[in-house]
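Notes for the structure review
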Amino acid sequence: MNLDDAFRFDQGLELAEAFYRAAQETKAAVKTLSRKYGIAPVTVSTGIAVGSALFGPTENKAAQATARSLSKGFSLDKLSVINRAVKLLNNPTKRADFRTELTQSAPALTCVELKQKANSLLRERNHVTRKDSWKRRGLRLSLQSDAMGVCHATLSLPAADMAELNNLIYPTARHAINKNPNLSQEQAMVDALLAHLGKDQIENPLNQPKRTCILLSADDLKPGRDGYLIDTNGHEHTYAEFAHMKLEEDFFHVLYFKNEIIHAGRSRFATPIQDLLLSVDQIMCAHPDCERPANHCQSHHITAYKNGGETNLPNLLKACAPHNAANDDDPNRPLNGRLERHPETKQAGYRPPNGTKLEFNKHPSVNKSGRVWANQKYQESDIVATNR
Ligand SMILES: [Zn+2]
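What counts, and at which threshold
- Residues numbered from 1 in each chain as written.
- Predicted model: local features only at pLDDT ≥ 70, side-chain atom pairs only at ≥ 80, totals over all residues.
- Helix = DSSP H or I, 4+ residues; strand = E, 2+ residues; numbered from the N terminus.
- Buried ≥ 20, exposed ≤ 12 C-beta atoms within 10 Å, placed from the backbone.
- Contact = placed C-beta atoms within 7 Å.
- Pairing = 2+ DSSP bridges.
- Axes fitted to C-alpha atoms, helices over the stretch in contact; angles between N-to-C directions.
- Arc of directions from axis to C-beta.
- Parallel < 35°, antiparallel > 145°, perpendicular 65-115°, else oblique.
- Nonpolar A, V, L, I, M, F, W, Y, C, P; charged D, E, K, R; others polar.

Right, let's talk about the overall build of the chain for a bit. On a plain count of helices and strands, the chain comes out with 15 helices and 12 strands. The burial tally for the chain puts 24% of its 388 residues in the buried class. In the chain, the share of contacts with a sequence separation of at least 24, taken over all contacts with a separation of at least 6, comes to 53%.

Structural data, given as structure tokens:
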């Protein structure tokens, strides 16, 4: 079999029609077709959109027929570039002509060239100003790391502003590469950007100093009167004395007894300490699948403050601003669900409205939390996990 036979990319029109017809029959077409043919769902959705434009209901049947006959032999990718561009044209009465124009120029162009041409025509015909572009500015910082432990960011800026940014940092990057030819262009650009941001000087409240946290278990001791542990010889030790026996002085420490935090650091609980403790306890927002780290979250009262809930560790957990805001403060009026602690394991989790079971954040970082550590440590002997 030769490559031309193996790659049949010239049947975009036929594919689009088939996808569109399938979507007319069932709402589950995207799922069904992507599963059946092993293609990405986005490919099916694209095909349905193209099919709808070329075979669906229209007020201009003649223009649609022309577009169809001109589109014969195109790949689905090219048809999709055209279709997306046509939808972006502001003036609806000019869209049919715009489709014809793009379709006529498509055979001579690659997919990338066709997209560039379409974008350039759109900017011109939609009279896109810098003000319009500026509204589309954005920065997305992913908190989910890839297989190499790297998080990614997408920055969107008007072309002129992006060029300005490039002009600002490119010379620094070039200079760095000249000094160290092993640096890649991408690495040098990041270094230059961070240098220009004055990374070291930025006073960011979220930039908490890194502190090593050692989790200690009080295995051989029993809790005595408040603040004390009793060893097997009956001697009393303060929490701090016990911790000092095990640790160098300068570590911040969190002491779990069974699954309760009983001690933190060397001072009485204060809000910053509670925050730090809760962050260690959870690592992530309490809501399932949330990707917000706990140290970027708010301290949430499980029993609402206004309903008499106290600002103490058993009544607090960490939730990001949106999940904190969505929480049903009144348990008798279920709407979005509630953030709670599991009655036995005390792990912070989420109960859907009228839900019988708590759901927990499954982010891999949660496995490194103090709570999971303590629960795993005591699971067999002391804690009976139930699905309450
Ligand atoms: Zn959250």
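Having seen it, we continue.
The next point concerns the sheet that holds strand β5 (residues 228-230). Pairing within the open sheet is antiparallel, and its 3 strands lie in the order β4-β5-β6. Strands at the two margins of the open sheet, each flanked by one partner only, are β4 (222-223) and β6 (236-238). Pairing of β5 with β6, which is carried by 3 bridges, proceeds in the antiparallel orientation. Its bridge partner lying in β6, Tyr-228 is registered against Thr-238. On top of the sheet, helix α12 (residues 239-246) reaches β5 and β6; it is set at about 85 degrees to β6, its chief contact.

A regular strand places its side chains on the two faces of the sheet in alternate fashion. Pairing between strand β11 (residues 338-341) and strand β12 (residues 348-351): 4 bridges, direction antiparallel. Within β12, the position partnered with Arg-338 by the bridge is Arg-351. Linkage of β11 to β12, two consecutive antiparallel strands, is achieved through a turn of 6 residues, within which Lys-346 is found at a positive phi near 65 degrees.

A few words on helix α7 (residues 95-105). Those residues of α7 that fall on the buried side of the exposure criterion are Arg-99, Leu-102 and Thr-103. Mapping the buried residues of α7 onto a view down its axis gives an arc of 100 degrees, with all of them on the same face. Structurally, α7 contributes buried residues whose contacts are with α5 (61-70), α6 (76-88) and α8 (111-125).

Time to look at the packing of α6 against α8. Two elements in contact, α6 and α8, have axes separated by 10 Å at closest approach and are oriented at 5 degrees. The orientation of α6 relative to α8 falls into the category roughly parallel. Each of Asp-77, Lys-78, Val-81, Ala-85 and Leu-88 in α6 lies in contact with α8, whose residues at this interface are Cys-111, Leu-114, Lys-115, Ala-118 and Leu-122. For the contact of α6 with α8, the per-class residue count stands at 7 nonpolar, no polar and 3 charged.

Any link to function would need more than the numbers given here.
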